[in-house]
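# Structural features, examined
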Amino acid sequence: MFEILLSSNNNHKLEEYRKMLEPHGIKVYSLKDKNIIDDAEEDGDSYFANSLIKAKSVSRFTSMPIIADDSGLEVHSLNNFPGIHTARFAKQCGGNAYANLEIIKKLNDFENKDADFKCVITLLNVSDEPIQFLGICPGKILEKPYGEHGFGYDPIFYSYEACVPFGLAEENIKNKYSHRAKAVEQLLKYLKENDLIKE
């Protein structure tokens, strides 16, 4: 079995990765599993930079393969806001529920509600250089939150490919069409092509 360390303290994210990677013979460890404390300051100017910062921050503690990601919601009419500040914006608003309502409010005067979820995964300790994978999930912002599934901005996001609001999508649907799923798909392809995991 191929073992990998996820540089994150987010339990929702850990659960998503395990469900997407374990069927391919990949065991995903959390930082807690390895008694690692992540103190990385995500001060990069892009998903690529922040993802690399997260991965490198724990690479000094282990030589095992590491994955880290950075993701965000980009609303086209708002100049791709909140983007790399997606998590920070939710915190400033007092939580995701309030952030979701604030995004809807900001779009009131705009006809174009299109938005993307983006995710960049960085893979370390399998080659001389970091490998990065970008996943994009196209959709639009809804006029009100829907459903209890998912987390974060899922309740206000309608996926064009899944044809359903992510807040109403079953796990298997979201884990097929989400931005993270798209990046994971590329990660798996890389691992297979380099004989790190079997088909």
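In this report, we go over the structure that sits alongside the text. (Residues numbered from 1 in each chain as written. Predicted model: local features only at pLDDT ≥ 70, side-chain atom pairs only at ≥ 80, totals over all residues. Heavy atoms only, no water.)

### Re the overall build of the protein
Defined as follows: Each helix is a run of H or I in the DSSP string that is no shorter than four residues. Each strand is a run of E no shorter than two, and both are numbered from the N terminus. C-alpha atoms define the radius of gyration in this analysis, and the globule rule sets the expected value at 2.2 Å times the number of residues to the power 0.38. Only protein chains enter the accessibility calculation, which uses a 1.4 Å probe; a residue whose area is less than 20% of its type maximum is buried, one above 50% is exposed, and one in between is partly exposed. We call two residues in contact when some of their heavy atoms are within 4.5 Å. Neither His nor the chain termini are counted; the positive set is Lys and Arg, and the negative set is Asp and Glu. Where a charge lies is defined by one atom per residue type: Lys uses NZ, Arg uses CZ, Asp uses CG and Glu uses CD.
Along its length, the protein carries six helices and eight strands. When the helices and strands of the protein are listed from N to C terminus, the series reads β-α-β-α-β-β-α-α-β-β-β-β-α-α. For 199 residues, the compact-globule estimate of 2.2 N^0.38 gives 16 Å, and the C-alpha radius of gyration of the protein, at 17 Å, lies within 12% of that figure. C-alpha extents for the protein along the principal axes are approximately 50 × 35 × 25 Å. Looking at the 199 residues of the protein, the share that counts as buried comes to 47%. Restricting the contact set of the protein to residue pairs at least 6 apart, pairs at least 24 apart contribute 60%. One way to put it: in the protein the 24 positive side-chain charges average out to a point 3 Å from where the 31 negative ones average out.

### Remarks on the pairing of strand S2 (residues 26-29)
Our working rule: Pairing between strands is defined by DSSP: at least two bridges between them are needed. Looking down the strands as they point away from the viewer, one classifies a crossover as right-handed if the path from the first strand across the helix to the second runs clockwise.
Direction of pairing for strand S1 (residues 2-6) relative to S2: parallel, over a ladder of four bridges. Paired with Glu3 across the bridge in S2 is Lys27. Remark: the S1/helix H1 (residues 11-21)/S2 crossover connection has right-handed handedness.

### Some remarks on the nonpolar core
Here is the rule we go by: In these notes, a set of buried Ala, Val, Leu, Ile, Met, Phe, Trp, Tyr and Cys residues joined through side-chain atoms within 4.5 Å is what counts as a nonpolar core.
Counting 23 residues, the largest nonpolar core has Leu21, Ile26, Ile67, Ile121, Leu123 and Leu191 as its most contacted members. Examining the composition of this core, we find that seven residues originate from one element, helix H6 (residues 179-193), more than from any other. Judged by nonpolar contacts, the second largest core, of 20 residues, contains Leu73, Phe117, Cys137 and Tyr153.

### Focus on the packing of H1 against H6
Heads up, the rule is: The convention used is that axes are lines fitted to C-alpha atoms, helices contributing only their stretch in contact, and that angles between N-to-C directions extend from 0 to 180 degrees. Roughly parallel means an angle under 35 degrees; roughly antiparallel means over 145; roughly perpendicular covers 65 to 115; every other angle is labelled oblique. In a left-handed crossing the near helix is turned counterclockwise from the far helix by less than a right angle, and in a right-handed crossing that turn is clockwise. In this count, Pro and Cys sit with the nonpolar residues alongside Ala, Val, Leu, Ile, Met, Phe, Trp and Tyr, while Asp, Glu, Lys and Arg are called charged and the others, Gly among them, polar.
Taken N-terminus to C-terminus, the directions of H1 and H6 make an angle of 45°; their axes are 11 Å apart at the nearest point. The orientation of H1 with respect to H6, classified from their angle, is oblique. Two packed elements cross with a definite hand, and for H1 against H6 that hand is right-handed. Residue-level contacts link Lys13, Glu16, Tyr17, Met20 and Leu21 of H1 to Arg180, Ala181, Val184, Leu187 and Leu188 of H6. Counted by class, the contact of H1 with H6 contains seven nonpolar, no polar and three charged residues.

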